[in-house]
Amino acid sequence: MTAFALDDPFDRRSGLPRAGSLLRSAADSIPPSGLVLLAIFSVQLGAGFAKELFAALPPSAVVFLRIAAGALIMGAVARPKLRGMSWRDWAVGLGFGVTLGLMNLSFYEALSRLPMGIAVAIEFLGPLGVAVAASRRRLDLVWVGLAGLGVVLLAPWGQSESVSWVGIGFALVAGACWAAYILLSSAAGQRFPGTTGLSFAMIVSAVVVAPVGVATGGADLLQPELVLIGLGVGLLSSVIPYSLELQALRRMPKHVFGILMSLEPAVAAMVGLLLLGEVLHLQQWAAIACIVAASLGATRSR
């Protein structure tokens, strides 16, 4: 009886299908590669809408809106249990949350100074570094060199008005935080059940970012339309893509997932072009192609 009730796709009171069953059925009908691509587009659309908010709010305030919205949603869906946590659990969870907050702060500061495609391409050096560091193949030196060439092509050697050294610096910090995020995410997955580790980290990151976000945003954070947009950014950038990626990882090999995720800088450049009108030069597209190719190569060689 209990097992049947848990698996029953219909609500007993209304006789209608359960919302969770509908979502799972919809996700199951989409190929896993399609779920990954939807997750990538969701993240980049969220970043595009966040960048449009920069006209009304500073980047740190937008980050606070995004993380706070994600923390509220994830906290309601997967409430972390604090009772019984060891000091090592606390250390991993707190480090995970602080890293998540710093990663988003530095990335949004980069996004305010760089076109989306360039910011994401430079940030992508973080996970690329993790992939190469975990390998012992000499071939990976080729991918490191190719990624380095991409960064050299992106650097503003005195002629590009759309790229700043400060923006590149923030993007590199975001990439380093992304690398730490990957390692801490794995550690959190071993210490926290289900998605409660991510939920705990998002709550911590919201607390970390709150002082800066509230101080820079001020009373503008109380405007209903900005709060709604921030909620939408949180859904698009955190809740929706993570859920889609989780479903995809259950149905596809991790190396295939990594190969598809390597397309993210190119998708970011396309969203920046279509949504924000950010036109990149041929040299910048070539640089993004180098970083994408390096990520694809490093993922396949593993």
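Everything discussed here concerns the structure shown above.
A few points on the structure. (Residues numbered from 1 in each chain as written. Predicted model: local features only at pLDDT ≥ 70, side-chain atom pairs only at ≥ 80, totals over all residues. Heavy atoms only, no water.)

With that settled, the discussion passes to the overall build of the protein chain. Along the backbone of the protein chain there are 14 helices and zero strands. For the protein chain, the N- to C-terminal ordering of α and β elements is α-α-α-α-α-α-α-α-α-α-α-α-α-α. Residue pairs in contact within the protein chain that sit at least 24 positions apart in sequence constitute 85% of those at least 6 positions apart. (Helix = DSSP H or I, 4+ residues; strand = E, 2+ residues; numbered from the N terminus. Contact = heavy atoms within 4.5 Å.)

Between its first and last C-alpha atoms helix 13 (residues 264–276) spans 17 Å; for 13 residues at 1.5 Å apiece the expected length is 18 Å, and the two agree. Residues Glu264, Pro265, Val267, Ala268, Ala269, Val271 and Gly272 constitute the buried set of helix 13. Immediately beyond the C-terminal end of helix 13, within one or two residues, lies Gly277, with a positive phi of roughly 70 degrees. (Expected span 1.5 Å × (residues − 1). Buried < 20%, exposed > 50% of the residue type's maximum accessible area, 1.4 Å probe, protein only.)

On to the packing of helix 6 (residues 116–123) against helix 13, then. Two elements in contact, helix 6 and helix 13, have axes whose closest approach is 7 Å; the angle formed by their N-to-C orientations is 165 degrees. Considering their axes alone, helix 6 and helix 13 lie roughly antiparallel with respect to each other. Crossing of helix 6 over helix 13 shows right-handed handedness. Counted together, Met116, Gly117, Val120 and Ala121 of helix 6 and Glu264, Pro265, Ala268, Ala269, Val271, Gly272 and Leu276 of helix 13 form the full contact between these two elements. In terms of residue class, the contact of helix 6 with helix 13 is built from eight nonpolar, two polar and one charged. (Axes fitted to C-alpha atoms, helices over the stretch in contact; angles between N-to-C directions. Parallel < 35°, antiparallel > 145°, perpendicular 65-115°, else oblique. Left-handed = near helix turned anticlockwise from the far one by under 90°. Nonpolar A, V, L, I, M, F, W, Y, C, P; charged D, E, K, R; others polar.)

Let us look at a nonpolar patch on the surface. Together, Met270, Leu273, Leu274, Val279 and Trp285 give the surface a local cluster of nonpolar side chains, amounting to about 510 Å² of exposed area. At three residues, helix 13 tops the list of elements feeding residues into the nonpolar patch. Topologically, Leu273 is positioned in helix 13. (Patch = residues over 30% accessible without salt bridge, like charges linked within 9 Å, V, L, I, M, F, W, Y side chains within 5 Å. Areas by Shrake-Rupley, 256 points an atom, 1.4 Å probe, with all protein chains shown as cover. Salt bridge = Lys/Arg side-chain N within 4 Å of Asp/Glu carboxyl O.)

Let's shift gears to the packing of aromatic side chains. Applying the stated criterion across every chain, the model contains six aromatic pairs. Judged by centre distance (5.9 Å) and plane angle (65 degrees), the rings of Phe107 and Tyr108 are edge-to-face. Residue Phe107 is classed as buried on the basis of its relative accessible area, which comes to 8%. An aromatic cluster is defined as three or more aromatic residues linked by ring pairs; in this entry it consists of Phe54, Phe107 and Tyr108. (Phe/Tyr/Trp six-rings, centres within 6.5 Å; stacked < 30°, edge-to-face > 60°.)

Before going further, it helps to examine the pattern of salt bridges. Going through the model one piece at a time under the given rule, you end up with three salt bridges. Here Lys51 makes a salt bridge to Glu278, at a shortest N to O gap of 2.5 Å. With a gap of 227 residues between them, Lys51 in helix 3 (residues 32–53) and Glu278 in the loop between helix 13 and helix 14 (282–301) connect regions that are remote in the sequence. With respect to class, Lys51 is no different from Glu278; both count as buried. Its salt-bridge partner being Arg191, residue Asp89 comes within 3.0 Å of it at the nearest N-O pair. Of this pair, Asp89 sits in helix 5 (residues 87–111) while Arg191 is found in helix 9 (residues 165–191), placing the two residues 102 residues apart along the sequence.

With that settled, the discussion passes to the nonpolar core. Counting residues in each nonpolar core, the largest one holds 73 residues, and the members touching the most others are Val36, Tyr108 and Leu114. Those residues in contact with Val36 that lie beyond four places of it in its chain are Ala248, Met252, Phe257, Leu260 and Met261. The next biggest cluster of nonpolar side chains, apart from the first, holds seven residues, and it includes Leu128, Val132, Ala147 and Ala294. (Core = buried A, V, L, I, M, F, W, Y, C linked by side-chain atoms within 4.5 Å.)

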